[in-house]
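The primary structure of each chain is shown beneath.
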Amino acid sequence: MRRAFALLVACSAALVGATGAAAHAIVISASPTNGVVVAAAPRGAVITFDSAIRVGPRNAAVRNDGTNVLGGPPRITDGRTLVIPFRTNLGQGNFTVRWSVVSQDGHEEE
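Quick caveat: nothing in here was measured; it's all calculated off a predicted structure. Each chain carries its own residue numbering, running from 1 in the written order of its sequence. Local features in this predicted model are restricted to residues of pLDDT 70 or higher, and side-chain atom pairs are both shown and tallied only at a pLDDT of 80 or more, whereas totals for entire chains, interfaces and linings draw on every residue. The basis for every side-chain value is the complete set of heavy atoms in the structure, and neither hydrogens nor water enter the calculation.

Novice: Quick question: what am I supposed to make of the pattern of salt bridges here?
Specialist: Any two side chains of opposite charge can pair if their charged atoms end up close together. Just to be clear on terms, a salt bridge is a Lys or Arg side-chain nitrogen sitting within 4 Å of an Asp or Glu carboxyl oxygen. Throughout the structure, instances matching the rule amount to two salt bridges. Here Glu108 makes a salt bridge to Arg58, at a shortest N to O gap of 2.8 Å. You can see Glu108 sitting in strand β11 (residues 108-109) and its partner Arg58 sitting in the loop between β5 (53-55) and β6 (60-63), a full 50 residues away along the chain. Exposed residues in this analysis have more than 50% of their type's maximum accessible area, buried residues have under 20%, and partly exposed residues fall in between, with area computed by a 1.4 Å probe over protein chains only. The class for Glu108 is partly exposed, based on a relative accessible area of 46%. With a relative accessible area of 36%, Arg58 lands in the partly exposed category. Between Arg58 and Glu110 there is a salt bridge, with its nearest N and O atoms 2.3 Å apart. Taken together, the residues span a long stretch of sequence, with Arg58 in the loop between β5 and β6 and Glu110 in the segment after β11 at a distance of 52 residues. Here Glu110 falls in the partly exposed class, since its relative accessible area comes to 33%. Three or more residues joined by partner-sharing salt bridges are found here, namely Arg58, Glu108 and Glu110. Working definition: helices are DSSP H or I runs of at least four residues, strands are E runs of at least two. Numbering for both runs from the N terminus.

Novice: Would you explain the sheet that holds β11 in this entry?
Specialist: What holds strands together in a sheet is hydrogen bonding between their backbones, with the strands either parallel or antiparallel. Here, any two strands with at least 2 DSSP bridges between them count as paired. As summarised here, the arrangement of the three strands in space is β5-β10-β11, forming an open sheet in which the pairing is antiparallel. The strands lining the two open edges of the sheet, one partner per strand, are β5 and β11. As paired elements, β5 and strand β10 (residues 101-103) share three bridges and run antiparallel to each other. Looking at the pairing, Arg54 lines up with Val102 of β10.

Novice: What exactly am I supposed to notice about the nonpolar core here?
Specialist: Nonpolar side chains in soluble globular proteins tend to be buried together. Among buried residues, the Ala, Val, Leu, Ile, Met, Phe, Trp, Tyr and Cys ones that are joined through side-chain atoms within 4.5 Å form a nonpolar core. In terms of nonpolar packing, the biggest core is built from 16 residues, with Ile47, Phe49, Leu82, Ile84, Phe86 and Trp99 touching the most fellow members. Those elements giving two or more residues to this core turn out to be β4 (44-49), β8 (81-85) and β9 (93-98). Beyond its immediate chain neighbours, meaning those up to four positions away, Phe49 contacts Ala25, Ile26, Val27, Ile28, Arg80, Leu82, Trp99 and Val101. By definition in these notes, contact holds between two residues if any of their heavy atoms fall within 4.5 Å.

Novice: Even after reading the chapter, I still don't get the sheet that holds β4, so can you show me in this structure?
Specialist: Spatially, the four strands line up as an open sheet ordered β2-β4-β8-β7, and their pairing is antiparallel. One side of each edge strand has no neighbouring strand; the edge strands of this open sheet are β2 (27-31) and β7 (75-77). On average, adjacent strands in this sheet sit at an angle of 20° to one another, irrespective of strand direction. Inspection of the sheet shows β7 paired to β8 by three bridges, in the antiparallel sense. Counterpart to Ile76 in the pairing with β8 is Leu82. The axes are straight lines fitted to the C-alpha atoms, using for helices just the contacting stretch, and the angles between their N-to-C directions are given from 0 to 180°.

Geometric values such as these leave the question of function open.
Shown next, in the form of structure tokens:
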């Protein structure tokens, strides 16, 4: 039996079009992508930026009923990729991920 999972990755469109944002980190990819339905729950969300970042204070992964599904602390790989791990054995359902990073210029971005 295939189970379907829906996942939303919250990305701010304002970051892409902001003027003077050269020092801000800009999302260049996210996996799973926003709104995707997958057959099995992924191990986590991976958001890659165009420049160096640090983990921000407001990362979250929640089932749409409000249940926390964060599987550990978010971490940075390769200096510019945020990994938000999910708990194992999530079961079927819809999930939302909120990312939070601090860019090189010190601005918190979500």
